[in-house]
Structure formats: C-alpha cells, structure tokens
Amino acid sequence: MQPRPSSAFDDTHEAAFQHHLLHQVTYDTVLKPDKRSGHATAASWLAERVGDRQAEYLAITAEHYERAGDHVRALAWFDRAYEAAEQRYANQAALDSVAGILAMPHLTNPAERFKQLTRQRDLADLSGQRALQRAANDAIEALAVAEQRADWLCSVAANRALLHDRLGEREQARIPRVAVTHAVFVFFAAALAADLVD
C-alpha cells in the first residue's frame with residue numbers, strides 16, 4: 001500500500017495498492033463474510049461523507065451496499081445515482097446505474113422492474129444504442145405478458161414504432177401503431193368489463 005499525497009475527503013488519509021493485480025489477489029484471499037462486512041463499513045462511511053460530492057460517489061456507495069448484501073439500500077443508492085446522472089445528462093452513467101439495479105436478484109417487484117427497464121430503454125434511445133433499446137423493449141414485453149398488462153404492451157408497441165422510425169424503416173414503423181391501437185382497445189374494453197362486473 002502506498003499513501004496518497006492528498007485525499008478526496010477532508011481530514012482523511014488515503015492509500016492505494018501499487019498495482020491492480022496486487023489488489024485483486026489480496027481481495028480474493030478475504031473470506032466472504034469479511035468481504036461483506038468490509039463493504040458494509042465502506043458503504044456506511046461513504047454514505048456519511050458524500051455531502052455535496054454526491055454525483056461522484058452515489059454509484060460506488062450503491063455497489064458497496066450491494067456487495068454487503070444490503071439490497072434495499074443498494075437499490076435506493078443506485079436510484080439516487082441514476083437521478084443525479086440523468087440531471088446532468090450523463091446518459092452512460094445513468095445506464096450503468098440502471099444496469100446495477102436490473103442485475104440485483106432481489107428486484108422482483110414487477111412495477112419496479114418495468115420502471116427500470118423503461119428507463120434503460122429510454123436512455124438507450126437517447127444515446128442511440130439501438131440494440132440495447134430493442135433488448136430492453138423485448139424484456140418489457142415479456143414482463144407485460146407475464147403480468148397481463150395491456151398498458152405496458154402499448155408502451156412496447158409505441159417504442160417499436162419509434163425504433164423503426166429512428167432506423168428509417170417507415171413501413172415497419174406503421175405495423176406497431178396498429179398494435180398500439182388494438183392493445184388500447186383491448187385494455188379499455190377489459191377495464192370497462194371490470195367496471196360493469198363490479
């Protein structure tokens with residue numbers, strides 16, 4: 001470990017490994033419970049000190065909470081990292097935060113998963129990442145079918161039309177528009193039927 005001449009945080013001394021391989025070998029020798037405890041300590045320490053430098057440390061704090069096994073806090077910090085990145089138009093940083101959330105095994109709430117996939121799809125559209133946009137839209141479609149959500153399917157069809165339009169595929173862009181119209185009709189017919197039954 002080599003001490004650094006300055007620190008990113010006031011009244012704090014920093015040290016770093018001389019080489020990333022040395023860091024990795026050392027990390028690999030630490031037992032899992034000790035790693036979790038260390039990540040929890042690092043996350044708590046960062047959470048207390050981010051202050052007005054949040055944009056730099058929100059995602060790192062989230063990753064430490066995730067590695068510590070504190071999925072509730074990890075989700076909250078990844079969400080904050082996404083919002084901070086979105087506010088400064090840092091699309092890739094926002095996408096990285098969303099990817100961190102989507103990778104969490106405890107993200108089982110369908111509405112939350114839909115929200116994060118929609119964020120991913122919309123950011124991919126903004127940054128011209130068409131393959132990611134298509135993949136996110138396909139994941140939303142699978143979720144919509146599983147949850148029987150016609151409104152989510154409408155979102156998928158609308159985005160498919162947008163994607164075809166972005167790619168200059170004008171004829172193909174018209175096909176999802178018909179699907180949107182049909183899905184809206186089915187959705188409202190089901191809602192009306194439910195109201196009549198009640």
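Residues numbered from 1 in each chain as written. Predicted model: local features only at pLDDT ≥ 70, side-chain atom pairs only at ≥ 80, totals over all residues. Heavy atoms only, no water.

Caption draft 1: Structural context of the packing of helix α7 (residues 130-147) against helix α8 (residues 150-166). Relative orientation of the contacting elements α7 and α8 amounts to 160°, with a least axis distance of 9 Å. On the basis of their axis angle, the class for α7 and α8 is roughly antiparallel. The chirality of how α7 crosses α8 is left-handed. Two secondary-structure elements touch here, α7 through R130, Q133, R134, N137, D138, I140, E141, L143, A144, V145 and E147 and α8 through W152, L153, S155, V156, N159, R160, L163 and R166. (Axes fitted to C-alpha atoms, helices over the stretch in contact; angles between N-to-C directions. Helix = DSSP H or I, 4+ residues; strand = E, 2+ residues; numbered from the N terminus. Parallel < 35°, antiparallel > 145°, perpendicular 65-115°, else oblique. Left-handed = near helix turned anticlockwise from the far one by under 90°. Contact = heavy atoms within 4.5 Å.)

Caption draft 2: Seen up close, the confidence of the model for the protein. When the pLDDT values of the protein are averaged, the result is 81; 77% of them are 70 or greater. Within the protein, the element-level pLDDT minimum falls on strand β2 (residues 15-16), averaging 62, and the maximum on helix α6 (residues 110-126), averaging 96. (pLDDT = per-residue confidence, 0-100.)

Caption draft 3: Inspection of the packing of aromatic side chains at higher detail. Scanning all chains against the criterion turns up two aromatic pairs. Between F114 and W152, the aromatic rings sit 4.3 Å apart at their centres with planes inclined by 5°, giving stacked as the arrangement. Highlighted residues: F114 in helix α6 and W152 in helix α8, separated in sequence by 38 residues. Considered together, F114 and W152 belong to a single accessibility category, that of buried residues. Over the aromatic face of W77 sits the side chain of R80, whose NZ or CZ is 4.2 Å from the ring centroid. (Phe/Tyr/Trp six-rings, centres within 6.5 Å; stacked < 30°, edge-to-face > 60°. Buried < 20%, exposed > 50% of the residue type's maximum accessible area, 1.4 Å probe, protein only. Lys NZ or Arg CZ within 6 Å of the ring centre and 35° of its normal.)

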